[in-house]
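In case you want the letters, here they are:
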Amino acid sequence: MSRLWRFPVPKLPSSAVLRTAGVYTSGALFSLGFFLLLDASVYSKHANGGDVHITIVDWIPLICSILGMLVINSIERSRLVADSYSYSGNGVAWKAKLVLFMGFALMAGGLAGAATVLIMKYVVPAYPWPTLGFGVAGVVGSACVMLSSVVLWVSQNIEEDYTYNLSL
Amino acid sequence: MAGLKTIIALSFVLAIGFLLVILSSALYANYYPLLVVATYILAPLPNAVCARCSSPDDFIDGSGNGVLDFGRFLTGFFVVMGIALPALLAHSGIIVVPAMVMSIIGGLLIYGTIISFTMFFQEESDF
């Protein structure tokens, strides 16, 4: 593939162990993000005596983030650079990039939406901490899902040798 | 390396893990911590299923790797869920903190037993 940037991208270490650990870490981060918001939701139902509770509005940003993560990581990586090969069909790379853009937009929209909910629902009415924590949990949860997606993406792009597949 | 002593030690650890989880439920007459056992028994399943579903001999394209990675992702999800679920219940005041501690330790012991059992006895059973 012809180089586009003047600075070369640093080569990631090619290790099957590192790749596997990255995928596990990604799942752990996703779980952390999901359970942060679930914890806030259960807490607001069971322990919090205030009049502000977690509703579907707080869940929508996280759902957007999860959908974006699903879209991003469903794309076949090799199709993104498929234009340089002759056997790829009509604009497969273009379609892949469009879908990828929609995935990133969903994910960033999720994070921005969580920040919006935090500000509009909790910060502007100036609620004290345990209630304010619901909004913070939403933001941190979306950020965790985003981080999980980044880790999954990077660890799947780690170049691996064929020995990995053969040793299975 | 994997002899009779390993089996005995692993079964002891498994029994201690179950003891802790059941104690954390029964002491406080609140059976939510038993969910941890279900989580940790579920945790090794995605790897086992996805290892069968993937095609390891197709090493040209590496198309089986997506399924494998999905299994690992789910495993990581379940392992953190086993820790996060008691913490969530304790934070919300549904279970008390000692029950949380006991169920987390017991769950980790159970999961460690399952993992080390498959690690010790994989070669004999597979080939």
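Residues numbered from 1 in each chain as written. Chains lettered and ligands numbered in written order. Predicted model: local features only at pLDDT ≥ 70, side-chain atom pairs only at ≥ 80, totals over all residues. Heavy atoms only, no water.

K.L.:
Teacher, can you tell me more about the packing of helix 1 (residues 16-46) of chain A against helix 2 (residues 56-74) of chain A here?
P.N.:
Any two packed helices are characterised by the angle at which their axes cross and by the distance between the axes. Residues and elements named next belong to chain A. Interaxial distance between helix 1 and helix 2 falls to 11 Å at its minimum, and their mutual angle equals 165°. Of the possible angle classes, the one that applies to helix 1 and helix 2 is roughly antiparallel. Helix 2 is crossed by helix 1, and the crossing has left-handed handedness. Residue-level inspection shows Ser-26, Phe-30, Phe-34, Leu-37, Leu-38 and Ser-41 of helix 1 in contact with helix 2, the latter providing Asp-58, Trp-59, Leu-62, Ile-66 and Met-69. Residue classes in the contact of helix 1 with helix 2 are distributed as 8 nonpolar, 2 polar and 1 charged. (Axes fitted to C-alpha atoms, helices over the stretch in contact; angles between N-to-C directions. Helix = DSSP H or I, 4+ residues; strand = E, 2+ residues; numbered from the N terminus. Parallel < 35°, antiparallel > 145°, perpendicular 65-115°, else oblique. Left-handed = near helix turned anticlockwise from the far one by under 90°. Contact = heavy atoms within 4.5 Å. Nonpolar A, V, L, I, M, F, W, Y, C, P; charged D, E, K, R; others polar.)

K.L.:
I'm lost on the confidence of the model for chain B in this one. Help?
P.N.:
A low pLDDT means the predicted coordinates there should not be read in detail. Residues and elements named next belong to chain B. Per-residue confidence for chain B gives a mean pLDDT of 82; residues scoring 70 or more make up 84%. Model confidence for chain B, summarised as mean pLDDT per element, is weakest for helix 3 (residues 45-53) at 80 and strongest for helix 1 (residues 4-26) at 89. Across the interface, the model reports ipTM at 0.80; the global pTM reads 0.81. (pLDDT = per-residue confidence, 0-100.)

K.L.:
Quick question: what am I supposed to make of the packing of aromatic side chains here?
P.N.:
Applying the stated criterion to the full structure yields 10 aromatic pairs over all chains. For the pair Tyr43(A) and Phe134(A), a centre-to-centre distance of 6.3 Å together with 70° between the ring planes defines the contact as edge-to-face. With a gap of 91 residues between them, Tyr43(A) in helix 1 and Phe134(A) in helix 4 (residues 129-156) connect regions that are remote in the sequence. Taking relative accessible area as the criterion, Tyr43(A) reaches 19% and is therefore assigned buried. By the ring-pair criterion, three or more aromatic residues cluster together here, those being Phe30(A), Phe34(A), Phe35(A), Trp59(A), Phe73(B), Phe77(B) and Phe78(B). (Phe/Tyr/Trp six-rings, centres within 6.5 Å; stacked < 30°, edge-to-face > 60°. Buried < 20%, exposed > 50% of the residue type's maximum accessible area, 1.4 Å probe, protein only.)

K.L.:
Would you take a moment to explain unusual backbone geometry for this structure?
P.N.:
A negative phi angle characterises most non-glycine residues, just as the trans form characterises most peptide bonds. Within the chain, Ala126(A) stands out as a residue other than glycine whose phi angle is a positive 60°. Secondary-structure assignment places Ala126(A) in the loop between helix 3 (92-123) and helix 4. We classify Ala126(A) as exposed; its relative accessible area is 58%. A positive phi angle, near 50°, is found at Ala29(B), a position not held by glycine. In this structure, Ala29(B) sits in the loop between helix 1 and helix 2 (34-42). Ala29(B) sits in the exposed class, given a relative accessible area of 64%.

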